Amino acid sequence: MVDRAQSSDPQGGAALERLPIGQEVMPVFVGVDVSKARLDVAVRPTGEVFSEHHSPEGIAQLVQRLQGLAPSLVILEATGGLEQPLAIALAEHGLPVAVVNARQVRDFARATGRLAKTDKLDAMALALFAEAVRPQLRPLPDAEHRALAALVARRRQLVEMIVAERNRQQANRDPAVAADIRAHLAFLEGRRAQMDRELMQAVVANSALKIRFDLLVSTPGVGTVVALTLLSELPELGRLNRRQIAALVGVAPLNRDSGQWRGYRGTWGGRARVRQALYMAAVVAVRWNPVVHRLYQRLRAAGKPVKVALVACMRKILVILNAMVHAGTCWRPGMLEA
């Protein structure tokens, strides 16, 4: 029998079992809390904690250090894009990295009794989450998808600024301010038009993206903006089955049952940008897509609320597009009626 030595967690967690060196290799799990200035790192099960500057040099040093540890999993929180340079660097050097939802990790930390919050504690919670949950690894988008995603995000920002300026234009009563808003709107709309051209150039320049784009826009209800959003925000499209892709996006109904009580089914979590695009596609498709139209009418006739019916249509559209991309076939009437 292997002799095991006990070691207590410095933050009050459960005791860890360590094996004598050379008898058994224990998996290593790393959590990295990413902020603008610093990368706080925690390692399980050793309890080691250290930090690096959040800079190209600091990222390179951290990658080199983690290569020496040979971790089974490195966990980062999704922090609005701050985590991307580190995640890309880790993946490029062959380290297993997963970017997880911050809410999941925070809920996990509360469940384990860790209520305090600092960068160091967050890194330790991430490492413990990696060790206990072991989230599934998904390949990071390649350079072409990242470039397309950046352009799509910038177009979305331009649209948001245009909407804000139009709202100010309606509320304004001063002639001088009105003239300035009109000039700014003209500039923003020109930039949006230029961004649309740049997006199409990026798609045409990549044969794989162009093929998938043509498949998507062949579906009634799916326009250019929806197709570009799916290409940039959902690279897994066509690689997962219908249940997995619906759960990933957040359009799969979740059970809320306990004993004999049956709760309301609803959707939760997932990728908000993709859901927004699918909602717009569903609003159009209930009029012009025969498959989606029949589904919507059937659900409404059964007494389902409008929003419930639209979410079901969103899921139907996603499942159809997933099957089309997987098979490499364009839209045809009557597909996936069930």
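Residues numbered from 1 in each chain as written. Predicted model: local features only at pLDDT ≥ 70, side-chain atom pairs only at ≥ 80, totals over all residues. Heavy atoms only, no water.

Focus: the overall build of the protein chain
The helix and strand inventory of the protein chain stands at twelve helices and nine strands. Within the protein chain, the fraction of its 338 residues that count as buried is 40%. Counting contacts in the protein chain only where the partners sit at least 6 residues apart, residues at least 24 apart contribute 56% of the total. (Helix = DSSP H or I, 4+ residues; strand = E, 2+ residues; numbered from the N terminus. Buried < 20%, exposed > 50% of the residue type's maximum accessible area, 1.4 Å probe, protein only. Contact = heavy atoms within 4.5 Å.)

Here we look at the pattern of salt bridges
A full pass over the atoms with the stated rule returns 13 salt bridges. Here Arg65 makes a salt bridge to Glu48, at a shortest N to O gap of 2.8 Å. Of the two residues, Arg65 sits in helix 1 (residues 56–69) while Glu48 sits in the loop between strand 4 (38–44) and strand 5 (49–53), which places them 17 residues apart along the sequence. Overall, the relative accessible area of 29% leaves Glu48 in the partly exposed class. In this structure, Lys210 engages Asp214 in a salt bridge whose closest nitrogen and oxygen atoms are separated by 2.8 Å. A residue pair is termed a helical-turn pair when its members lie 3 or 4 positions apart in one helix, as Lys210 and Asp214 do in helix 7 (residues 207–217) at four residues. A network of salt bridges, in which partner residues are shared, links Arg38, Asp40 and Asp119. (Salt bridge = Lys/Arg side-chain N within 4 Å of Asp/Glu carboxyl O.)

Concerning the packing of helix 10 (residues 272–288) against helix 11 (residues 290–301)
The contact between helix 10 and helix 11 brings their axes to 6 Å, and the two run at 95 degrees. Regarding the angle of helix 10 to helix 11, the classification is roughly perpendicular. Contact residues: Ala285, Val286 and Trp288 in helix 10; Pro290, Val292, His293 and Tyr296 in helix 11. Residues that form the contact of helix 10 with helix 11 fall into these classes: six nonpolar, one polar and no charged. (Axes fitted to C-alpha atoms, helices over the stretch in contact; angles between N-to-C directions. Parallel < 35°, antiparallel > 145°, perpendicular 65-115°, else oblique. Nonpolar A, V, L, I, M, F, W, Y, C, P; charged D, E, K, R; others polar.)

Let's talk about the nonpolar core
Across soluble globular proteins, nonpolar side chains show a tendency to be buried alongside one another. Residues Leu148, Leu216, Leu230, Leu234, Leu278, Ile317 and Leu318 are the most contacted members of the largest nonpolar core, which totals 50 residues. Among the secondary structure elements, those contributing two or more residues to this core are helix 5 (143–171), helix 6 (175–205), helix 7, helix 8 (224–233), helix 9 (242–249), helix 10, helix 11 and helix 12 (306–327). The leading source of residues in this core is helix 12, at ten residues. In contact with Leu216, not counting residues within four places along its chain, are Val222, Ala227, Leu230, Leu231, Leu237, Leu321 and Val325. Core analysis: the second largest hydrophobic core is formed by 20 residues, Val34, Leu39, Val74 and Leu90 among them. (Core = buried A, V, L, I, M, F, W, Y, C linked by side-chain atoms within 4.5 Å.)

Quick look at the environment of Lys307
Looking at the element boundaries, Lys307 is found in helix 12. In this structure the C-alpha to C-alpha distance between Lys307 and Tyr279, which are 28 residues apart in sequence, comes to 9.8 Å.

Observations concerning the sheet that holds strand 6 (residues 73–77)
Strands in a sheet are paired, the pairing made by backbone hydrogen bonds, and the direction either parallel or antiparallel. Strands sit in the order 5-4-3-6-7 across an open sheet of five strands; the sheet is mixed. The sheet is open, and its two edges are formed by strand 5 and strand 7 (97–100), each paired on a single side. Direction aside, the axes of adjacent strands within the sheet are offset by 25 degrees on average. Here strand 6 runs beside strand 7; their pairing, made up of four bridges, is parallel. Within the sheet, the bridge partner assigned to Leu76 lies in strand 7 and is Val99. Relative to strand 3 (residues 29–34), helix 4 (residues 119–133) is tilted by about 145 degrees, and along the sheet it contacts strand 3, strand 4, strand 5, strand 6 and strand 7. (Pairing = 2+ DSSP bridges.)

Observations concerning the pairing of strand 3
When a strand is regular, its side chains alternate between the sheet's two faces. With six of six residues buried, strand 3 lies mostly within the body of the structure. Burial of strand 3 is two-sided: the residues Phe29, Gly31 and Asp33 facing one way and the residues Val30, Val32 and Val34 facing the other way are all buried. Sheet topology note: the strand 3/strand 4 ladder contains six bridges and is antiparallel. Looking at strand 4, one finds that Gly31 is bridged to Ala42. The hairpin turn running from strand 3 into strand 4, its antiparallel successor, is three residues long. Relative to strand 6, strand 3 is paired through four bridges, and the arrangement is parallel. Note that in strand 6 the partner of Gly31 across the bridge is Ile75.

Re helix 12
Taking 1.5 Å as the rise per residue, helix 12 with 22 residues should run 32 Å; its terminal C-alpha atoms sit 32 Å apart, in good agreement. Directly beyond the C-terminal end of helix 12, a positive phi value near 70 degrees is found at Gly328. (Expected span 1.5 Å × (residues − 1).)

With respect to the packing of aromatic side chains
Counted according to the given criterion, the structure contains one aromatic pair. Where Phe108 meets Phe129, the ring centres are 5.4 Å apart and the plane angle is 85 degrees; that geometry is what we call edge-to-face. Taken together, the residues Phe108 in helix 3 (residues 102–111) and Phe129 in helix 4 connect sequence positions 21 residues apart. Taking relative accessible area as the criterion, Phe129 reaches 6% and is therefore assigned buried. Taking the ring centre of Phe50 as reference, the NZ or CZ of Arg65 above it sits at 3.6 Å. (Phe/Tyr/Trp six-rings, centres within 6.5 Å; stacked < 30°, edge-to-face > 60°. Lys NZ or Arg CZ within 6 Å of the ring centre and 35° of its normal.)

Concerning a nonpolar patch on the surface
A surface patch of nonpolar side chains, about 500 Å² in accessible area, is lined by Tyr279, Met280, Val283, Val284 and Trp288. Inspection of the secondary structure puts Trp288 in helix 10. For Trp288, a relative accessible area of 58% corresponds to the exposed category. (Patch = residues over 30% accessible without salt bridge, like charges linked within 9 Å, V, L, I, M, F, W, Y side chains within 5 Å. Areas by Shrake-Rupley, 256 points an atom, 1.4 Å probe, with all protein chains shown as cover.)

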